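Residue-level listing of the chains:
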Amino acid sequence: MIHMVFMKFEAGFFTPAVFQRIAGAFKSLQEALPEQILSVQVLENCVCRKENMDLLIRMELSGPDALEAYLRHPVHRGIGEEMNPHIVQRCSFDCREQ
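Anyway, here's the lowdown on the structure attached to this text.

Calculation notes
- Residues numbered from 1 in each chain as written.
- Predicted model: local features only at pLDDT ≥ 70, side-chain atom pairs only at ≥ 80, totals over all residues.
- Heavy atoms only, no water.
- Buried < 20%, exposed > 50% of the residue type's maximum accessible area, 1.4 Å probe, protein only.
- Helix = DSSP H or I, 4+ residues; strand = E, 2+ residues; numbered from the N terminus.
- Arc of directions from axis to C-beta.
- Core = buried A, V, L, I, M, F, W, Y, C linked by side-chain atoms within 4.5 Å.
- Axes fitted to C-alpha atoms, helices over the stretch in contact; angles between N-to-C directions.
- Parallel < 35°, antiparallel > 145°, perpendicular 65-115°, else oblique.
- Contact = heavy atoms within 4.5 Å.
- Nonpolar A, V, L, I, M, F, W, Y, C, P; charged D, E, K, R; others polar.
- Phe/Tyr/Trp six-rings, centres within 6.5 Å; stacked < 30°, edge-to-face > 60°.

Details of helix 2 (residues 64-72)
Then, number 1: Regarding helix 2, the residues found buried are Ala-66, Leu-67, Ala-69 and Tyr-70. Taken end-on, helix 2 shows its buried residues confined to a sector of 165°, consistent with a single buried face. Away from its buried face, by an angle of more than 90 degrees, helix 2 presents the exposed residues Pro-64, Asp-65 and Arg-72.

The following block contains the structure:
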C-alpha cells in the first residue's frame, strides 16, 4: 500500500531546518516500525507556485493495519503536534500498489 501526504505551510515557516526535522522524524518512524513502513521518502517542492504544496511524504506500507500503527506511533504524534499549527493545507492519498 502507498500512503502519500502533501503539506503546505504558513508563509516563512518551511525552512531547510524544518525539512530536516520532518525527514528525521520519518526516518525514525521507519526504524521504529520496519515491518510496517517498508520505505519512506520526504520530498521538498522545487518549483515555487502558489498552487504547489511545500512537502510530500511518500511511504510504502505493508497494509492498512500498518497505516494505523504509524498514525498512532508517538514519533508521528510528536512531529504532528510540532508541525500542525503551521500547516495551512494538507491532503493524503492511499492506494494499492499496481
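More follows now that the structure is in view.
With respect to the nonpolar core
Then, number 1: Counting residues in hydrophobic clusters, the biggest one holds 25 residues, and the most contacted among them are Phe-9, Ile-22, Phe-26, Leu-55, Ile-57, Tyr-70 and Met-83.
Then, number 2: Taken together, the elements giving at least two residues each to this core come down to strand 1 (2-9), helix 1 (16-32), strand 2 (37-44), strand 3 (55-61), helix 2 and helix 3 (74-83).
Then, number 3: Examining the composition of this core, we find that 6 residues originate from one element, helix 1, more than from any other.

Considering the packing of helix 2 against helix 3
Then, number 1: The contact between helix 2 and helix 3 brings their axes to 5 Å, and the two run at 55°. The angle between the axes of helix 2 and helix 3 places the two elements in the oblique class. Here helix 2 contributes Tyr-70, Leu-71 and Arg-72 to the contact with helix 3, which in turn contributes Pro-74, His-76 and Arg-77.
Then, number 2: Residue composition of the contact of helix 2 with helix 3, grouped by class: 3 nonpolar, 1 polar and 2 charged.

Quick word on the packing of aromatic side chains
Then, number 1: With the rule as written, the count across this model stands at 4 aromatic pairs.
Then, number 2: Ring centres 6.4 Å apart and planes at 85° place the aromatic pair Phe-14 and Phe-19 in the edge-to-face group. Note on accessibility: Phe-14 and Phe-19 belong to one class, buried.
Then, number 3: Geometrically, the ring pair formed by Phe-26 and Tyr-70 is tilted, given 6.1 Å between the ring centres and 55° between the ring planes.

A word on the side chain of His-73
Then, number 1: The topology assignment puts His-73 in the loop between helix 2 and helix 3.
Then, number 2: Beyond its immediate stretch of four places on either side in the chain, His-73 contacts Leu-29, Ala-32 and Leu-33.

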